[in-house]
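# Commentary on secondary and tertiary structure
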Amino acid sequence: MSLTVEPLRLRRRHHQVLRLLWPTESLSRRDLQRRLDVHPNLIGDDISHLLKHRLVSEGESMINGRGRPGIPLRIDASARHLIGLAIGPGGVQLSKVNLLGQPMGPPTLFNSPNPRTLIQRTAALLRESIDSDTLAIGASTTGLVDPAAKMLLSSSATPDAFSISLAPIYDAAGETPMIVQNDMHALAARWLLGEGAATHEDVLLVLLEDGRMGGAMLINGSPNQGCAIGANEIGHMRFPVHTPVCFCRHEGCLERIFSSEQLAMTDPGANRSLAEAMADGGAQSPAAAAILGHLCNGLANATNFVRPHRLIITGSFVESPAFFDRLQSGIQPLLLAGLSDRMKIERWSLPTLTFSEVAAWVALVDLLNIGV
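Residues numbered from 1 in each chain as written. Predicted model: local features only at pLDDT ≥ 70, side-chain atom pairs only at ≥ 80, totals over all residues. Heavy atoms only, no water.

## Let's talk about empty space enclosed by the protein
Taken as a whole and assessed by the stated rule, the structure comprises 1 cavity of 30 Å³ or more. Size it by volume and the largest cavity reaches roughly 60 Å³. Surrounding the largest cavity, L85, I87, A139, S140, T141, L166, I169, Y170, M178 and V180 form its lining. Of all the elements in the fold, those that place two or more residues in the lining of the largest cavity are β3 (81–88), β6 (134–141), α5 (167–173) and β10 (178–182). When residues of the lining of the largest cavity are assigned to their parent elements, the largest contribution, 3 residues, is made by β6. (1 Å grid on protein atoms, 1.4 Å probe; cavity = no way out; pocket = protein on both sides within 12 Å on 5 of 7 lines; lining within 4 Å. Points joined across faces, edges and corners; volume = space filled by probe spheres on them. Helix = DSSP H or I, 4+ residues; strand = E, 2+ residues; numbered from the N terminus.)

Listed below in structure tokens is the structure:
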């Protein structure tokens, strides 16, 4: 049976200690005291608090010169956990991860096409999953979310309804801290801790999938939430192109253009997926080349507007060198004069993680108090 613990309250220096130890640093109290330049008694109190709440653990004492042996401290990856909750089209995933961001078992998932049933079932699942070892909850959802109003304003998860209340999920969380973010902010949190923790640059992170596209902006190294945590809704940049109607109830959205469905409409005899048509960068298909042209325009427009130091593109499509090269060469001439020389276009191989595991990293970034 899990131990009952007091509500966790962390001060600024607690977060600093966790950042110094994360993910696998092993430091003594003396090491931490020197790095943070504070009185030894204060560090002692901080460590006692973190040990009490099982966020850090002690290792075997180390003999290091004269004086008392140092006792190494490290992040405790076995005691407490974070819950990741991902709401997407037609269903929900829930995962538990430890304080190193590692999954503690396979995700729980269910499908529910009815948006109101989806929210109620999500709340029930969350209520069943929380226990006294749950430290915090990171929740992500596609589309536009307003955490202050506890509303999902528009989302591919609820295509037939706008303004769905998330209050049942907040109620299910109870006293457990919960952070709700757009799914691309969750991905930006994962990139920040795994790839870009040392950067202080402005970054535009873009996810490309078949019929699904999203963006997140990192300003001075920290994800920027934007208005009502809308991220950069790059997938809903619209072009004068006839497409299937998007869940936002418009035609011409870039994520509807960049889809196998659009390829089938514009090249009905091809009988292949967008991934197959783009494997060679769309070189053998005029319809695929046209789709790629719109994508290059959309990404260039977003880049010209944001003017980041780095445009980082991820998703299954950029695993193809031919596609990425065509994409890169298509964007470059469309950039503002001077911007193309100072901005890097890079690809990020997406880690093998479920959406709910990525969502948990939102809570992890908050625990380490890094910018999200």
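Okay, back to it.
## As for the packing of aromatic side chains
Taken as a whole, this structure holds 4 aromatic pairs when the rule is applied. Pairing F258 with F323 gives two aromatic rings, centres 6.2 Å apart and planes at 45°, and the pair type is tilted. Of this pair, F258 sits in the loop between α7 (254–257) and α8 (260–266) while F323 sits in helix α11 (residues 321–331), placing them 65 residues apart in sequence. Of the two residues, F258 and F323, neither departs from the other in class, the shared state being buried. Members of the aromatic cluster, joined through ring pairs, are F258, F317 and F323. The aromatic ring of F110 is capped on one face by R121, whose charged end is 4.2 Å from the ring centroid. The ring of W361 carries the charged tip of R190 above its face, separated from the ring centre by 4.4 Å. (Phe/Tyr/Trp six-rings, centres within 6.5 Å; stacked < 30°, edge-to-face > 60°. Buried < 20%, exposed > 50% of the residue type's maximum accessible area, 1.4 Å probe, protein only. Lys NZ or Arg CZ within 6 Å of the ring centre and 35° of its normal.)

## Details of the sheet that holds strand β8 (residues 151–154)
Taken in spatial order, the 3 strands make up an open sheet running β7-β8-β9, and their pairing is antiparallel. Strands at the two margins of the open sheet, each flanked by one partner only, are β7 (144–146) and β9 (164–165). Sheet topology places β7 next to β8; 3 bridges connect them, and they run antiparallel. Within the sheet, the bridge partner assigned to D146 lies in β8 and is M151. (Pairing = 2+ DSSP bridges.)

## A closer look at the pairing of strand β4 (residues 91–97)
Within β4, 6 of the 7 residues are buried, which leaves the element mostly enclosed by the surrounding structure. Where β3 meets β4, 7 bridges bridge the pair, whose relative direction is antiparallel. When the sheet's bridge partners are listed, L85 is paired in β4 with L94. Between β3 and β4, which follow one another and run antiparallel, lie 2 residues, and G90 among them has a positive phi close to 80°. Alignment of β4 against strand β5 (residues 108–111), held across 4 bridges, turns out to be antiparallel.

## Focus on the pairing of strand β14 (residues 310–314)
Burial analysis of β14 places 5 of its 5 residues in the buried class, the great majority of the element. Here β14 shows a buried face lined by R310, I312 and T314 and a second buried face lined by L311 and I313. Examined bridge by bridge, strand β11 (residues 203–209) and β14 share 5 bridges and lie parallel to one another. Residue L204 lies in a different strand from β14, and its bridge partner there is L311. Bridge count for β14 against strand β15 (residues 344–348) is 5 bridges, and the pairing is parallel. Note on β15: the bridge partner recorded for R310 is K344.

## Some points on the side chain of S155
Relative to the assigned elements, S155 resides in the loop between β8 and β9. Side-chain polar atoms of S155 contact the backbone nitrogen of A157, separated by 2.9 Å. (Polar contact = N/O pair within 3.5 Å; in protein donor to acceptor, adjacent residues only side chain to side chain.)

## Quick word on the side chain of N98
Looking at the element boundaries, N98 is found in the loop between β4 and β5. Judged by relative accessible area, N98 falls into the buried class, the value being 7%. Of the polar contacts made by the side chain of N98, one reaches the backbone oxygen of A77; its length is 3.4 Å. Beyond its immediate chain neighbours, meaning those up to four positions away, N98 contacts A77, R80, L82 and M104. (Contact = heavy atoms within 4.5 Å.)

## Notes on the sheet that holds β10
Taking strand neighbours across the sheet as the criterion, the 5 strands line up as β5-β4-β3-β6-β10 in an open arrangement whose pairing is mixed. Because the sheet does not close on itself, it has two edges, and the strands there are β5 and β10. Strand after strand, the sheet turns through a mean of 15° between neighbouring axes, direction not considered. Pairing analysis gives 5 bridges linking β6 to β10, with the strands arranged parallel. Within β10, the residue paired with S140 across the bridge is Q181. Helix α6 (residues 183–194) rests against β6 and β10 of the sheet, and its axis sits at about 105° to β10. Lying over the sheet, helix α13 (residues 355–367) contacts β3, β4, β6 and β10, oriented at roughly 130° with respect to β3. (Axes fitted to C-alpha atoms, helices over the stretch in contact; angles between N-to-C directions.)

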